[in-house]
Structure formats: structure tokens, C-alpha cells
Amino acid sequence: MKPYRFFVECLLIVGSLFLFTCDTKNNIDPVFKNYFIKYYGEDGNHEAKDFIINDDGTVIIVGTVTFGQTVLTKRVYIVKTDLEGNELWNKTLGSDFNEEAADIEPIVGGPDAGNFLILSNFDKATDQTNIRLTVINSSGDSLRSFNYAQYLSLRGKSVTSTTSGVMYLAGLTTDIDAGSDKNVLLNTPPPILEDYLIIRLRSDYSIEFDDRIGGSYEGSAVNIVPSGSSFIYAAYSDELTSSNLPDNNEHEHNFIFRLFSNNPTSAAVSLFSGSLNLDEKMVAFSDKPLLNTYCAIGTQSDFNGANRKAYAAVVSSTLSSVIAEGVVLSGANEYEGVAVAAASTSYMLLANEINTANKRDIFFVKMSTGLVPEFNIKFGAVENDDRGAAAAELPNGDILILGTMQLAGQQDKIALIKLRPNGTF
Amino acid sequence: MGFLKFIVGLIIISGISIRVIAQEERIDCEQTLAMATEEFNSGRFYGIPSLLKPCVDRGFSREQKQRAFLLLAQTYLLLDDPISAENSYLEVLRANPEFETDTALHPIDLVYLSKKFTADPIFAVFAKVGGNTSPVRVIQTVSPSGQPVNNEYGLRPGFQIGGGVDYNFTRFIAISAEAEFGFTSYKKTQTRFSDDLLELTANQSWATIPVYVKYTFTKGNFRPYGYGGLAVHFLNSENGKFISQKRDLSDLNPVILPEKESTNRSLMEFRNTFNRSILIGGGVRYKYGLDYFFVDVRYYFGLSNIVSSSSSADYTGVLPELGHADDMFRMDNLSISFGYYHPFYNPRKLKQARTKSVLRGINKSSK
């Protein structure tokens, strides 16, 4: 064989192999479909608030869209995606007022079971906020909505649906309760600014009772979760904590956990978590128990709000004890707690890391029930203000994180982040 | 100073003197060559080698040397001294590697002798420089948004510099290898979130090693050629500059924010550095002495997805900062180069004489 023929034939063989390995749609690694950061929104700025994962693998995200640059118009924004992050639909709920989303939960009992509850707060007037509960179906159609305005100003933080059809709203009143006399033990009683508010709704969304629980300058119910035949409400306040924490200082908040069966005002068991000389404000309480525990996350700071750190507490589901408590994220930068969710064997805690320029990054940490960290991850750009909203574990162990990311320093968009169970893409 | 002037003057005078002497010798040798030709034509062959020897040793120009050794080759053939004839013909080729006998001009025995030899270059080297542009071929659109996005890729100019070597299997066919350093660029404009714009201008630097088979026409001053082969590309760097603009046009009060430009930043985190392509190309060589100038047009068909498959996943880079995710894409490249080609002629005797074409040549010339 002549040498050039040999070379040419070799070249043809190698060429065929090259062609055979040509990258096409069919042979590229689809990892970009499975693990991602995806953004949602259209015109306007979009702030993520919460999400739920449906049994069919779809995700419904709720947030707030803000239109305009000077005169701001705010509306509740809902988007549904599949697990590859593809948007299936989005809806903007109509309103006569500026309105902000607070929570979304599936309805598990009552005539609307299978649909979804969206909790929002709308600005009825200056410094007057009312609560709205909207029922949507799986297509995002608004079926009905109910306003709650039994006080001058009130704000909802979470909604809980129970299998019996009863629902709970947790939040706070933001008008001054001049009639309260529960601070008489304090050296210098200040005006009551906030009370925590728990509303129990019948399956027809009418109020069965509401409790405005005072005794504090500032405080709020954060979440209500079932625990056996009873319920736990998780809250924060600067009230006197029944001599468990003899804190006289104004604005010295602590985490509060109370177990009740009917009337939250006369709670059977109370637990407290926090320090004597620092401020701990709860922002989230896990919806589901993990190994007979619940977890709360919030922000610890000095009384003036400086030196923020993420603070968490794990309590037994019967509120018999505080299993673990303390600062979970601290360092050169500051941190603020955002959300917590129970995974299969650990808690997923979400916080914001705040740099010296006051820009935030989303900080995710997975921790045991003893608050021992397993791993953590940070998302965001140094010069942009990015913040977390919620986290959840998928049935296969993958992790979904919801947040808001500021893109190019110009606009906020809802961000859905999907990770492997070990926190990598 | 005076001594230096003296030395310089001496060198100049010596140079001029040498040139003059060489010129005179060439004139003398031209006369000698004419005499030798006359002797040959008169049938007096035996004295020709000794007649030409002084000029062969030192006086012939390249062209005279070609004629002299051609005469000597014919002489030795007639004197039945084939070894000396072959040596003389080799000298003809050394004097002019592109010399070819012609059945219409040269005696048939010389033509047959010439078919035992070749001066075709085995190796040739070349260098080139030129411009290029790189079309992007998208394999899979990756939307950083949950909704589809509209991506448009634009062409941008680049340039490349390179050199290579030809290994000639025959006078027409060569296998070539090159080392090429290229700078390419492309522009991506994305419309998303209804009307927002994100524009990326990316600049890449590559090291490319193409290997290909080349066919070259070998007659005339302009010699076209074509080739096809494979190439491997190493992406050394890719830097991109982003311009983003928020545009809310559907609102009753449309908002268009000023464009915001990012600093230049590396995109190598999401690039596969090793890539492959097939290439085709062609060009024309223009004969310049024994070397060539050439113009070459080439197209690389990218085979590799140059984007790593995790382009939609990023903790702190361009995805969280700007909302940029790369599509999966291959990159082609169209280039035009101008260069210089230098063959290394190698006069040598063939293992097998190429005599098949002689009869064809005779028939052709007799017509």
C-alpha cells in the first residue's frame, strides 16, 4: 500500500469518528435541564415569597410584582412551573389596592380541598393593612377571595389548612392597642405597637374566632402547625416570658412557642428561646415535623438592630423541650433568617448574608435536628441585592430554593434554584 | 575614524570588484557555453565536459548552469555514460527544480532520462495571516427564564495568524498540518422578560491544529488548490462584555432604563476547552520565483458543543448577576488568509521512472 493512501485512509477513519462524535441535541448532557437557576417575571420587578410543590411535580410560586419606578403599583403574582423550571402559566391577581403576597398553601380539607390558598396583605389606606385570602385552582384561576379587616390594621404572615377544613391565619395587628394593660410589670411601659394575631376560620372562610394576644410592644404570630390533636403557634415578641426569661428591655424579642387545642390565648404549654440581652425575631417556623421536632429561624441582633446573625431553635413537637438553639450563621458579614423547611433527615435553613455595602446574598444551610451544619451554599452577586424566600426538598432528595435576585442591578426577578441533594448543580 | 572609513571603503570597493569580476566571468562563460553548444552540434562530444568544467566550477549563473548541465547530460547520453548523464541531470534540477523536459524540445533519450528524476518538494512550509468571522450554530437554546427567550447571534470580525507544513505524497497531493492562533468574536442579543435586552459581546482566543489533505494544480503562475480535513481547537480564553437594559413596554407608563454595561469578564467557567471540527478550504498560489504567495479561504464546521452542560447553573457568576445562561452551541469559523509558501525542493532519483507519460507527450506534440 502506498504511504499516502494509508494516510488518507487513516484520515477518513478518524474523520468518521469525528463526525460520529458530533455534538447534537440528542447527545449533550441534559444537566442544564435538571439543575438550574431560572428567573420568572415579565414587566416590572418581582419579589418571591413562597412556593409549594404539588404531587404531580409542578411548582406554584407566589410573589409580588411591582410596576412603575416612582409611583409603585403592587400586585400578587403567581407562576406555575414544571421541575425543569419551564413556566406553565403565570397570573397577576387584580386588586384595587397595592397588595403583597405572604404565603401559599394547599387546601387539604373542606369543600375547596385540592385548591390553593394565597395569603396577601393589601394597603387599604395609609398605615392600614388588611388581609386577603384568595382561593385559586391549579390553573391559577381565582375562585373566590375574602378580606379580613376586624382591626384597623392587620397583617397576615402564614395560612394553615387542616384536614378538617378549619384554617388558621397567623400574623399581627399593626394598630395601637390603647386598651392593653399587660405591660404594667415593665419599668417603662411603652405604647403597644403590635399584637400577635391568630384567626381561626371555618371551612366557609368565616371567622370562628380571632385572638389578639397582647402583652408586648412588638410581636407577631409566625405560623400555626398541627401537633397531634393540638396546634402549635410559633411567634416572637418582647413580652415578659413568664419569668423564664426575665427581660425587661424594650424591644428585646424572643422566640415563643405555645401549644393549644382550642383557644390560643390560654395555651397549655409555652417554650421560649432567645438570649437575655439580645433581640431574636422569628421569621419562619417549619410546616412539617422532622423526627418529632419543629424548627424556627429568625434574626438575632443588638437592640438597635446591629450585628445581625441567623438564629434558630429546634423544639420537640410536644413543646416539652428546646432541643437545640443558638446562632447558626455569623461572621464578618451579617445574616438574617429567612425560611426553614423540614427535609427527610435534616432541616433546610435559608438566610440572607448581608455584606458591608448592605447587599444581600442567598445563604442556604442544611442542618441536623441538633443544628449541626451538614453543608452550606451561597448564591448571588456581590453588587446585587439577592434574597431568599423559601426552600423545599423534592421526593428524590433534590433541593429547590426560591429567592429574589436582582439582575444587573436593574430589576428584581423571582429565582428558582434546583440543586442536587448534596447542594451542587 | 579614518581607519573605519578606510575599512568601509575597502569593503565597498571589494564588493563592487567581486560583482564586476563575476559579471565578466559570466560573459566569458556564456561564450564558453556557446562554444560547447557549437561543439555538441558539430558532433564533437568528448571535449565538451573539459570545456565547460572551469565555468561549472565557478562561473555560471543559475540559468547558465541549467543549460550547461542539460548539454552535459545530452553529451553523456551520447557518449554512453549514463551515470555521468544522471549526475548532470541532477545538477540541472538543482539549478532549476521546476525544470521539465518537453518531448517537442528535447531529445527523447533526455526526456526518458528526466523521468528518472524529480525535484518535487517533499516538505514545504508556509506562514499566513488573515481575518475571520465565527457563525454560532445553536444546538439547544437554554433560557435563563422560565419562558422562552429570543436569542440572536451576530457575526463579528476576528483575525488569525499561523503557519504549517505540507508533506507531499505526490506532486498534487499533500497532507498538511498547521498551528494557528485565532481571535474570534460573536455577539448575542437576548430578549427576555417580555422586552428586556441582554447583549453579550464575547471575544475568544484559540489555538488550532488542523490536519488536512490538499490537492494542488501544478501548472502556471496561479495554482489553485483545495483541501479537507479535521481540526482540534483549544479555547484559551473567552471574555465577554454585557449590556443590559430593562424595558417595560407593556405598562401604561412604559419604562426604559438606561443601558448598563458590565466589566469584561471571563466566561471560561462554562466552556469546554477542547473542541473539534472538520474543515474545507481552498485558495490560489501565485508563483514568485521558486516560492509562492497565496490566498486561502477556509471554513471550519464546529463539531463540539463548546458550552459546558451546566451553563444554567452558577452560584456567583454571570447567571446570578446578570441572568445570563449560555445556549449549547457549536461554533464555525470562516477565514481568509494571505501567506507565503516556501517549498523545500529536493532533486533526487526516483526508485521507479515515470515513463508512462512520455509516449502520451510524443503523440500530443506530433498532432
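Residues numbered from 1 in each chain as written. Chains lettered and ligands numbered in written order. Predicted model: local features only at pLDDT ≥ 70, side-chain atom pairs only at ≥ 80, totals over all residues. Heavy atoms only, no water.

Would you mind going over the overall build of chain A with me for this structure?
What chain A contains, in helices and strands, is 2 helices and 28 strands. Taking 2.2 N^0.38 as the reference for a compact globule, 425 residues should give roughly 22 Å; the C-alpha atoms of chain A span a radius of gyration of 24 Å, in line with that estimate. Reported as C-alpha extents along the three principal axes, the dimensions of chain A are approximately 105 × 45 × 45 Å. Considering only contacts within chain A whose residues lie at least 6 apart along the sequence, 51% involve residues at least 24 apart. For chain A, the exposed area adds up to about 16,800 Å²; of that, 49% sits on carbon and sulfur atoms. One finds the centroid of the 32 positive side-chain charges in chain A at a distance of 7 Å from the centroid of its 52 negative side-chain charges. (Helix = DSSP H or I, 4+ residues; strand = E, 2+ residues; numbered from the N terminus. Rg over C-alpha atoms; globule rule 2.2 N^0.38 Å. Contact = heavy atoms within 4.5 Å. Areas by Shrake-Rupley, 256 points an atom, 1.4 Å probe, with all protein chains shown as cover. Lys, Arg positive; Asp, Glu negative; His and termini not counted. Charge placed at Lys NZ, Arg CZ, Asp CG, Glu CD.)

Quick question: what am I supposed to make of the overall build of chain B here?
Counting its regular elements, chain B contains 7 helices and 17 strands. For a compact globule of 367 residues, the expected C-alpha radius of gyration is about 21 Å, and chain B comes in at 32 Å, more than 25% above that figure. Overall, the C-alpha framework of chain B stretches about 105 × 70 × 35 Å when taken along its three principal axes. Within chain B, residue pairs in contact and separated by at least 24 positions form 73% of the contacts whose partners lie at least 6 positions apart. For chain B, the computed accessible surface area is about 18,000 Å², with 60% contributed by carbon and sulfur atoms.

Looking at this structure, how should I read the environment of Gln150 of chain A?
All names here are of chain A. Tracing the backbone through its elements, the reader meets Gln150 in the loop between strand 9 (142–148) and strand 10 (154–161). A relative accessible area of 28% means that Gln150 is categorised as partly exposed. The spatial distance from the C-alpha of Gln150 to the C-alpha of Asp210 is 9.0 Å, given a sequence separation of 60 residues. If sequence neighbours within four positions are ignored, Gln150 has contacts with Ile199, Ile207 and Asp210. (Buried < 20%, exposed > 50% of the residue type's maximum accessible area, 1.4 Å probe, protein only.)

Hey, could you run me through the pairing of strand 7 (residues 196–216) of chain B in this one?
The side chains of a regular strand alternate, residue by residue, between the two faces of the sheet. Residue and element names in this part refer to chain B. Bridge count between strand 6 (residues 173–192) and strand 7: 18 bridges; the pairing is antiparallel. Looking at the pairing, Ser185 lines up with Asn203 of strand 7. Once strand 6 ends, the chain turns through 3 residues before running back antiparallel as strand 7, passing Phe193 with a positive phi of about 45°. Across 20 bridges, the pairing between strand 7 and strand 8 (residues 222–245) is antiparallel. Looking across to strand 8, one finds that Tyr215 is bridged to Gly226. The hairpin formed by strand 7 and strand 8 contains 5 residues between the paired strands, and Gly220 there has a positive phi angle of roughly 90°. (Pairing = 2+ DSSP bridges.)

Which parts of the structure should I look at to understand the packing of aromatic side chains?
Pairs of aromatic rings are described using the distance from one ring centre to the other and the angle between the two planes. Going through the model one piece at a time under the given rule, you end up with 37 aromatic pairs over all chains. Lying across the ring of Tyr225 of chain B, Lys214 of chain B places its NZ or CZ 5.2 Å from the centre. (Phe/Tyr/Trp six-rings, centres within 6.5 Å; stacked < 30°, edge-to-face > 60°. Lys NZ or Arg CZ within 6 Å of the ring centre and 35° of its normal.)

In this structure, what is going on with the interface of chain A and chain B? I would like to understand it.
Interface size, as often reported, equals the accessible area lost upon joining of the parts. Taken together, the 55 residues of chain A in the interface contact 54 residues of chain B. Together chain A and chain B conceal approximately 4,300 Å² of surface at their shared face, both sides included; 60% is due to carbon and sulfur atoms. Run the count over chain A and chain B and you get 0 salt bridges. Along the contact surface separating chain A from chain B lie 25 residue pairs in polar contact (both at pLDDT 80 or more). Where the side of chain A that touches chain B is concerned, the elements lending two or more residues are helix 1 (3–20), helix 2 (31–34), strand 1 (36–40), strand 5 (87–92), strand 25 (373–379), strand 27 (399–407) and strand 28 (411–419) of chain A. No other element matches helix 1 of chain A, which puts 9 residues into the side of chain A that touches chain B. Residue classes in the side of chain A that touches chain B are distributed as 26 nonpolar, 19 polar and 10 charged. (Buried area = accessible area lost by both parts, 1.4 Å probe. Salt bridge = Lys/Arg side-chain N within 4 Å of Asp/Glu carboxyl O. Polar contact = N/O pair within 3.5 Å; in protein donor to acceptor, adjacent residues only side chain to side chain. Nonpolar A, V, L, I, M, F, W, Y, C, P; charged D, E, K, R; others polar.)

Honestly, the domain arrangement of chain B in this entry has me stumped. Any pointers?
All names here are of chain B. Under the domain assignment used here, chain B contains domain 1 (17–117) and domain 2 (123–344). When each unit is reduced to the centre of its C-alpha atoms, the spacing between domain 1 and domain 2 is 54 Å. Facing 5 residues of domain 1, the contacting portion of domain 2 comprises 6 residues. In this assembly, domain 1 packs against domain 2 so that about 340 Å² is buried in total across both faces, 35% of it on carbon and sulfur atoms. Here domain 1 is connected to domain 2 by 4 salt bridges. Residues Arg171 and Glu100 are paired through a salt bridge, measuring 2.6 Å at the closest nitrogen-oxygen approach. Linking domain 1 to domain 2 there are 4 residue pairs in polar contact (both at pLDDT 80 or more). (Domains from an automatic or database assignment.)

For this particular structure, what's the right way to read the side chain of Glu252 of chain A?
Residue and element names in this part refer to chain A. Looking at the secondary structure, you find Glu252 in the loop between strand 15 (230–237) and strand 16 (254–260). The buried charged residue Glu252 lacks any salt bridge partner; its closest oppositely charged side chain belongs to Lys281, at an N-O distance of 11 Å. Here Asn254 takes part through its side chain, which lies 3.5 Å from a polar atom of the side chain of Glu252.

Whenever I open this one, a nonpolar patch on the surface confuses me. Can you help?
All names here are of chain B. Judged by side-chain polarity, Phe123, Val125, Val165, Tyr167 and Phe344 come together as a nonpolar surface patch covering roughly 400 Å² of accessible area. For Phe123, the position within the fold is in strand 2 (residues 123–133). When its relative accessible area of 42% is taken as the criterion, Phe123 is described as partly exposed. (Patch = residues over 30% accessible without salt bridge, like charges linked within 9 Å, V, L, I, M, F, W, Y side chains within 5 Å.)

I would appreciate a short explanation of the side chain of Asp211 of chain A in the present structure.
All names here are of chain A. Considering the arrangement of structural elements, one finds Asp211 in strand 13 (residues 207–213). Judged by its relative accessible area of 12%, Asp211 falls in the buried class. Ignoring anything within four residues of it in the chain, the contact list for Asp211 reads Tyr196, Leu197, Ile198, Asn263, Pro264 and Thr265.

How should the nonpolar core be read in this particular structure?
Inside soluble globular proteins, nonpolar side chains tend to come together where they are buried. Grouped together as the largest cluster of nonpolar side chains are 49 residues, with contacts concentrated most on Ile37, Phe364, Phe379, Ile401 and Met405 of chain A. Aside from chain neighbours lying at most four places away, what touches Phe379 of chain A is Ile37, Asp361, Ile362, Ile401, Met405, Ile417, Leu419 and Phe425 of chain A together with Asp314 and Tyr315 of chain B. Listed in part, the 27 residues of the second largest apolar core include Phe99, Leu110, Leu113 and Phe117 of chain B. (Core = buried A, V, L, I, M, F, W, Y, C linked by side-chain atoms within 4.5 Å.)

Could you clarify how one ought to interpret helix 3 (residues 62–78) of chain B in this entry?
Residues that lie three or four places apart on an α-helix share one face, since the helix turns once every 3.6 residues. Residue and element names in this part refer to chain B. Helix length check: helix 3 (17 residues) gives 24 Å between terminal C-alpha atoms against 24 Å at 1.5 Å per residue, within 8%. Among the residues making up helix 3, those that are buried are Gln64, Gln66, Ala68, Phe69, Leu70, Leu71, Leu72, Ala73, Gln74, Thr75 and Tyr76. Immediately beyond the C-terminal end of helix 3, within one or two residues, lies Asp80, with a positive phi of roughly 60°. (Expected span 1.5 Å × (residues − 1).)

Mind showing me how you'd approach unusual backbone geometry here?
Across residues other than glycine, the phi torsion is negative in most instances, and most of the peptide bonds are trans. Of note in the backbone geometry, Ala408 of chain A takes a positive phi value of approximately 55° without being a glycine. Mapped onto the secondary structure, Ala408 of chain A falls in the loop between strand 27 and strand 28.

I tried to follow the sheet that holds strand 23 (residues 347–354) of chain A on my own but got confused; where do I start?
By way of backbone hydrogen bonds, the strands of a sheet pair with one another, either parallel or antiparallel. Residues and elements named next belong to chain A. With antiparallel pairing, 4 strands are arranged side by side in an open sheet as 22-23-24-25. In the strand order of this sheet, the two ends are held by strand 22 (334–342) and strand 25, each with one partner. Mean inter-strand twist for the sheet, computed between neighbouring axes without regard to direction, equals 20°. (Axes fitted to C-alpha atoms, helices over the stretch in contact; angles between N-to-C directions.)

How do you make sense of the packing of helix 2 (residues 48–59) of chain B against helix 3 of chain B when you look at a structure like this?
When two helices pack together, their arrangement is given by the angle between their axes and by how far apart the axes lie. All names here are of chain B. Following both chains from N to C, one finds helix 2 and helix 3 inclined at 150°, their axes separated by 11 Å at the closest point. Considering the angle they form, helix 2 stands roughly antiparallel to helix 3. For the pair helix 2 and helix 3, the sense of crossing is left-handed. Contact with helix 2, carried on its side by Ile48, Pro49, Leu52, Val56 and Gly59, involves Gln64, Ala68, Phe69, Leu71, Leu72, Thr75 and Tyr76 of helix 3 and no other residues of that element. Its residues assigned to classes, the contact of helix 2 with helix 3 shows 9 nonpolar, 3 polar and no charged. (Parallel < 35°, antiparallel > 145°, perpendicular 65-115°, else oblique. Left-handed = near helix turned anticlockwise from the far one by under 90°.)

Would you mind showing me how to read the confidence of the model for chain A here?
Low pLDDT means the predicted coordinates in that region are not meant to be read closely. Per-residue pLDDT for chain A has a mean of 90; in total, 91% of the residues score no lower than 70. Overall, residues 181–186 of chain A carries pLDDT values under 50, and its contacts beyond four positions in sequence, including any with other chains, amount to 11 contacts. (pLDDT = per-residue confidence, 0-100.)

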